[in-house]
Amino acid sequence: AMSGPSIFTPQPIKAVNGRNVSGFAWNLVPSQPLLAVAVEGAAKGSRVEGGSVLVLDGEGEPFEDVVIRTREGRANPVHLAWAPPHVQEGSLLAIGWDDGTVMVWSLKDRLARGDQEQHAPHPVSLLLWSPDAERIISGDARQEGASTLAVWKVDSRGRPSTICPYKRPFLGGITHAIFRTAGRASKLVTSSFATADSSPFYFAGDAGAFAFATDAGQCVDAIGGLGASVAAMLYDEGCDVLVMLLTNSVLATFKLTDNKPAPLNKVKLSMGRAGLQCAIWAGSGHLAVASGDGILRLHDVAQGDHYNLMLADVPGLPTEAAGEALVVLAHEAQRGVLAAATSEGSAVVWRRVGGAPTDEPEKAWAALAPLALGAGRVPTALGWGPREGLLAARYTAGDSTGGGAGETGGSLCLLPETVLARVMHMGWAAVQLDASTVRIENASTGRAAMLKTEMRLVGVALYGNNIAVWSGAKVEIYEFDASDRPLAPPKLVGDFPSRATAAALWDDHIYLCVGARVEVANYIGSIQASMGLSDTDGEASAIHVAGSVRSGAGGATASLAAYVAVGTSRGFVKSWDISRQEPRQHARARRLVAGIPAGGGEAPMSRVTSVSITADGSRIAATVETQPQPSASWSRSASIYVYVVETDQVQAHDFGPAHRLPARPSWDGAETRLLAVETRPSPAAPAGAPKLEATTLFSTPEQGLKVRDSVSPQADAAPAADNTGGGGDNDHTGREAEVEGLLGIVVPHLYLITTGASHAEDTAGEEQAGKGGDAGLVQRMRLREFAGMPEGEIDAATSHALIAFSYHLTVGEMDEAHRAVKKIKAASVWENMARMCVQTRRIDVAEVCLGHMGHARGARALREAIEGGADAETCAGVLAVQLGQLQDAERMYEASGRHDLLNELRQAQGDWDSAISLAEAHDRIHLRTTHYVRARGLEAEGMTDAAIEHYQKAGTHRTDVPRMLYDLNRTSKLLEYIDGRKEPELYKWWAQYCESHGQFDRALDYYQHARDHLSIVRVLCFHGKTDAAAEVVHESGDAAAAYHLAKHCEECGRAKEAVFFYQRAGRFSHAVRMARDNDMASELSNLSMQAPAKVMVQSARYFEDKGQFDQAAKLYQRGGNMSRALELCFAHNRFQALREIADQLSADTDPALLKKVGDFFIGHKQYDKAVRLFTIAGEAHRALELISTHNIPITEEVAEALCPEQPAGQGGSDETRVALLLKVAKACKRQGNYHLACKKYTQAGDKVKGMKCLLKSGDTDKIIFFAGVSRTRDIYILAANYLQNLDWHSDAAVMKNIVAFYTKAKAFENLASFYDMCAQVEIDEYRDYEKAVAALREALAHLSKARNAPGAPAKAEALQAKVDHVDSFVAARKLVKSNPEEMMRRCNALLDQPGCDQAIRVGDVYALMVEWYYSQQQLQQAHALVERMRGRAIILSPYLDAEMVSAIYGSVGMPPPSDGPAGGGGGANGR
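All of the points below concern the structure found in this document. (Residues numbered from 1 in each chain as written. Predicted model: local features only at pLDDT ≥ 70, side-chain atom pairs only at ≥ 80, totals over all residues. Heavy atoms only, no water.)

A few words now on the sheet that holds strand β35 (residues 391-397). Hydrogen bonds between backbone groups are what pair the strands of a sheet, and the pairing can be parallel or antiparallel. Spatial strand order, β2-β36-β35-β34: four strands in an open sheet with antiparallel pairing. Single-partner strands in this sheet number two, and they are β2 (11-12) and β34 (377-384). Of the pairings in the sheet, the one linking β35 to strand β36 (residues 410-414) comprises five bridges and is antiparallel in character. Bridge pairing in β36 places Tyr-395 opposite Ser-411. (Pairing = 2+ DSSP bridges. Helix = DSSP H or I, 4+ residues; strand = E, 2+ residues; numbered from the N terminus.)

Turning to the packing of helix α20 (residues 1039-1051) against helix α21 (residues 1055-1064), a few remarks are in order. In the contact formed by α20 and α21, the axes pass within 8 Å of each other and the chain directions differ by 160 degrees. In terms of their interaxial angle, α20 and α21 are classed as roughly antiparallel. Judged by the sense of rotation from one axis to the other, the crossing of α20 with α21 is left-handed. Here Ala-1042, Tyr-1043, Leu-1045, Ala-1046, Lys-1047, Cys-1049 and Glu-1050 of α20 come into contact with α21, specifically with Glu-1057, Ala-1058, Phe-1061, Tyr-1062 and Arg-1064. Residues of the contact of α20 with α21, tallied by class, amount to eight nonpolar, no polar and four charged. (Axes fitted to C-alpha atoms, helices over the stretch in contact; angles between N-to-C directions. Parallel < 35°, antiparallel > 145°, perpendicular 65-115°, else oblique. Left-handed = near helix turned anticlockwise from the far one by under 90°. Contact = heavy atoms within 4.5 Å. Nonpolar A, V, L, I, M, F, W, Y, C, P; charged D, E, K, R; others polar.)

The subject of this paragraph is the sheet that holds strand β4 (residues 34-39). Across the sheet, four strands lie side by side as β3-β4-β7-β8; this open sheet has antiparallel pairing. Strands with a single pairing partner mark the edges of an open sheet, and in this sheet they are β3 (21-26) and β8 (62-68). Direction aside, the axes of adjacent strands within the sheet are offset by 20 degrees on average. Of the strand pairs in this sheet, β3 and β4 are connected by five bridges, and their pairing is antiparallel. Note on β4: the bridge partner recorded for Ala-25 is Ala-36.

Turning our attention to unusual backbone geometry. Trans peptide bonds make up the majority, and among non-glycine residues the majority have a negative phi. Residue Pro-121 follows Ala-120 across a cis peptide bond; omega there is 5 degrees. Topologically, Pro-121 is positioned in the loop between β12 (111-115) and β13 (124-129). Cis peptide bonds are those with omega within 30 degrees of zero, and the linkage from Val-747 to Pro-748 qualifies with 20 degrees. On the secondary structure map, Pro-748 appears in the loop between β62 (739-746) and β63 (749-754). Backbone geometry at Arg-664 places phi at a positive 50 degrees, although glycine is not the residue there. You can call Arg-664 buried: its relative accessible area is 5%. Residue Ala-1433 is not a glycine yet carries a positive backbone phi of 60 degrees. (Buried < 20%, exposed > 50% of the residue type's maximum accessible area, 1.4 Å probe, protein only.)

A separate point is helix α12 (residues 927-940). Helix length check: α12 (14 residues) gives 20 Å between terminal C-alpha atoms against 20 Å at 1.5 Å per residue, within 8%. Contacts from the buried residues of α12 go to α10 (899-909), α11 (912-922) and α13 (944-954). (Expected span 1.5 Å × (residues − 1).)

Let us now look at α13. Residues of α13 that are buried: Thr-944, Ala-947, Ile-948, His-950, Tyr-951 and Ala-954. Of the surrounding secondary structure, the elements contacted by the buried residues of α13 are α11, α12, α14 (957-967) and α15 (971-981).

In this section: the nonpolar core. Counting residues in each nonpolar core, the largest one holds 83 residues, and the members touching the most others are Val-1366 and Leu-1440. Sort the elements by how many residues they give to this core and helix α42 (residues 1402-1415) lands first, with nine residues. (Core = buried A, V, L, I, M, F, W, Y, C linked by side-chain atoms within 4.5 Å.)

Summed over all chains, the structure comprises 52 salt bridges. For Asp-648, the salt bridge goes to Arg-590, with nearest N and O atoms at 3.1 Å. Taken together, the residues span a long stretch of sequence, with Asp-648 in the loop between β56 (639-644) and β57 (649-654) and Arg-590 in strand β52 (residues 584-591) at a distance of 58 residues. Classification of Asp-648 by relative accessible area gives partly exposed; the value is 29%. Under the relative-accessibility criterion, Arg-590 is labelled partly exposed at 23%. (Salt bridge = Lys/Arg side-chain N within 4 Å of Asp/Glu carboxyl O.)

Here is the structure:
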């Protein structure tokens, strides 16, 4: 059976009828779901009976009649909590009672053990298991004293014992608690009697504070003063965050680092008027909040984002229910389903489907069919069971029909999920309408019957005229007579108990999926055989049987060959051959979803949700759900899988890129390669995506699954199930119904189920349903290969040929496709294939089809489109037009962007509004054309005003509107239109019309409006009003009018006026002609200068004949006849004219002529002009000779012209050009033009001479630049030598360039000499011996690099001696303050050394000693040193202060000496 929509149906629980239910709790064991129900006691006469806890199974029936009470039997249960399933299989139930008793009931021994010492007599307000199920915490909310929270240890037999109680008065009554599981470090267990540490926990009270505690006696106050009571307390293990919702609508989050809560965030939430009603986790990190309005608010705690699920957006929910207040929530993590109920008894279930865009997270939730609990039922709690689709709801009923629950009484019901089944076999369909009703309908005729049972059905199977239904506990098999008219209700032929989850019928057996096996039973339940699955395979979750059958009388069938396929809970498929008495394995178990995730680890868990096998058993198709992690929710896979048995190959097609999810696979019974699936949009699908698509695929051996076609029956199936009207088809074109889904495929039809199947039976009883007609729920839709074909032409051979054609077309085998249909002669078949080519865009195939159809016009149009380079989409549109598929053509043209063709198509259809709108939006290049064609059509229809409007929009109204109105003889309307438009073109048209009718004054008036001055002048000249015409020309300045008037004056013999107006018109040739013919010499000269060159030459001849040679030469020159102009100048000695002409001569002039003019200028001592002409003529030597002889200045232009670069490919000697360059350079040098000389020397290749010229110019910047770009050793040295003459000491850049140039030239000896000079300058000018010694060391270092230089060793030795002397003096100076005696000794020793006066100034040594003696008042010694200085002919003033010298000599009674050496010498050397 295929699955349809899901519905939830309220199912009362008989065990609690008439009793007040205070709470319930599901266990967490899927294999054995148990529901614990807390029931309050009731008064029986004078005796008050206590409450109890009932244990029910998953169907709501009592489980072994278990009833749990306290020992005294007077207390009521108030809290229930099942232990986690991984400990003792979840068999422990904790119960809190209103007398303070904490009890644990064990499923294994059916015993309850309790203790009330911690809380009695106060009711238990909190009961919570630890994650490891070894601890229970319980609390009370006593009003007097401090509330108690107790930690209990539970042993393996379920016996609780108190470990430690805590009392925290500041918390108030204890209401909430959570265990912290993240970051827990378990201690090493060293004893078999010891247990690992249990998780710490946090608990809160109604005073708005919470505390932290462990099971080891540690308890501390965590956070106090939250500002309001705690309404909900949750823990996010993934982020290790504690979430608190307060009664004042504040959401507070705390990070639990080292068990010390650190506030993260605190925000005020948007709430309904009723405030917070319920808050739960709805997935990892997603908090769902119900707040008493019609909005379910979800908050992403980690990201801080939020979004809403609106009741108003739930399909099928009554309008009045959309505004009801949400009050309770429940979430089931494994399936990702979220249930919500309102205060009015409505309930909605959302399933998380994932894949939503980040900006629309609400799309990740898909709403299922809503339900109602019933009138007057107010839900107070919802809870999901451990098995899929199991939901329980507690509610209060104001009007309890169960007998005495009272106004405030609570009751309980189950809301099991029913997935409505749809199945089809041999032309009959079984459609489940609700939890217990199935409609049996003939897919062709619509005849139907209803099957009603007392069971809640979980599945339906159909074979021939037998139908099986089952509930998970029981199987019933019915039989109906297909020949009955009307169809009678089916009759029960067998029933038996079975826990089958899925089943299928074939022949006289039913195949039941029971756990990990498939049981084969007859119709009374007797097991005939069993087919097992391994533990690896998992349990059977889906089953399908298919094969070959033969129909008999009365709907009976006989099986020829059959196969059963099973899908499992672990994603495997397996099949058996059941054609014989004993089933035998046909295909081994094969997993469909394989591969390892990109991040490593195991492949994702998967389970098969539907399976379908072909009639020959060759292929098995399946859809699956996947689970990325064990704790994650299941989600539908976007892939359809096909297992090919023969090749043991799994094929898959992913609908994910198209944002679709597949379901309901179905194979055709005869064409076993053809698979049909329905697809629905995924949450990530774009807006407007089709709600339903039926996709057909071919399973190919080499290319896997190939999509054949996808159609959207949602849009066109209701009326288009069949549009050909084949007799007897159940097309139901008269009833509008939305298509719900795909039922199956039987070539040539797809079978669809309509939305009526989603509701309870929509017919008035079985009798009306049996009448058939428009009440049918099954519709048929032709496959595209068969659309438009008469039913009588579709036989088995034709069907097979067309499907084979489609198959080969899909896989690209054109030869095979043609071979498949070449024997078909019917033109309708070829036409149908041509129509199919429109959808497949196979233009090559379409050409063949049109040829077989004899459709010459279509073939020609298609060929022209192909030859025009049109793409496949456009060609398909052309083909669609020829076949009359205009809607398809529009779609193709739109997709290909050929809006021009789409525009033409809409014009041809007469859809002018649409055509114009299209042109305005997408085809503006043809917008005017579209308006023009529309206007022509309206003109033909006599709709003049509308035609005028479109002519205006087409921009042709200036010609077409006058033409149209004139043809209609509506001149008055035309004049009105022209006056209204006020356009020059229209004014001109009317003026011409008036002129043609002799209305010249009126014509002139409208010509004036049109500003058509030519026409005005023409009319005035025609009437001889030349003066008026001249006035018009003067005012308008119109050239055409002036020309017309000039022609008129010429004809009238008024030559002067004709010349004037020809000139105004810019027609100088005509003006010159008139002036020349009429001997108007003065006008002729000026006019000729503005005329074309040819006219200038003609005028020059005129002046030459008249003897006016200057004017003739000028015109010859301007007219381009330069030689004749020069001949006149030479012949008649017109020197001034020749000078003017010479200035205009260029290199294009004849060289002989240039030389002739040059010689003429030499004769008249105009040497500068002669130089220019000889240069242009290429006579450089003569030009240079003139320059040298007469010292003619050489400019840059002359220099370049004298030595032009030789173009590539032309003859000429480089040596000749170099010689010329050198001559020019020398001439420039003699004239003092050093920069130009440098340039020419450089061009000649002599850069050294170029540098020498630059050195003479003294342009330091250019010298440095030239040296840098020349990169020649000699130039570097020249530049450096030049720079040494500058003030390099005060200009660091100059000194840097000196060093750089010497270094680049590797002139280390020169560089050493420079540093030696630097040291001497430092000594002589600045007495800076420290810098001097540094410079000397640099000189010594660079000299060492010039080892091969002549005399280098001797120079190095002398430099080293200098360094030693200067270094000694520097060292002595540093001892003045610290060791003056050593300083004196070193100075005297230095003075005694030979050659010291070559390194240092001896006077500085003496001055150092004299100044020290003077500072110590040892004047006798100072006097002796001064005398020694004078004895060495050292002038005193540069070294010693005059006052100090006077004081020294005064101390010995001598006058100060004159500034000179002793003995009157004149030496001034201080060395």
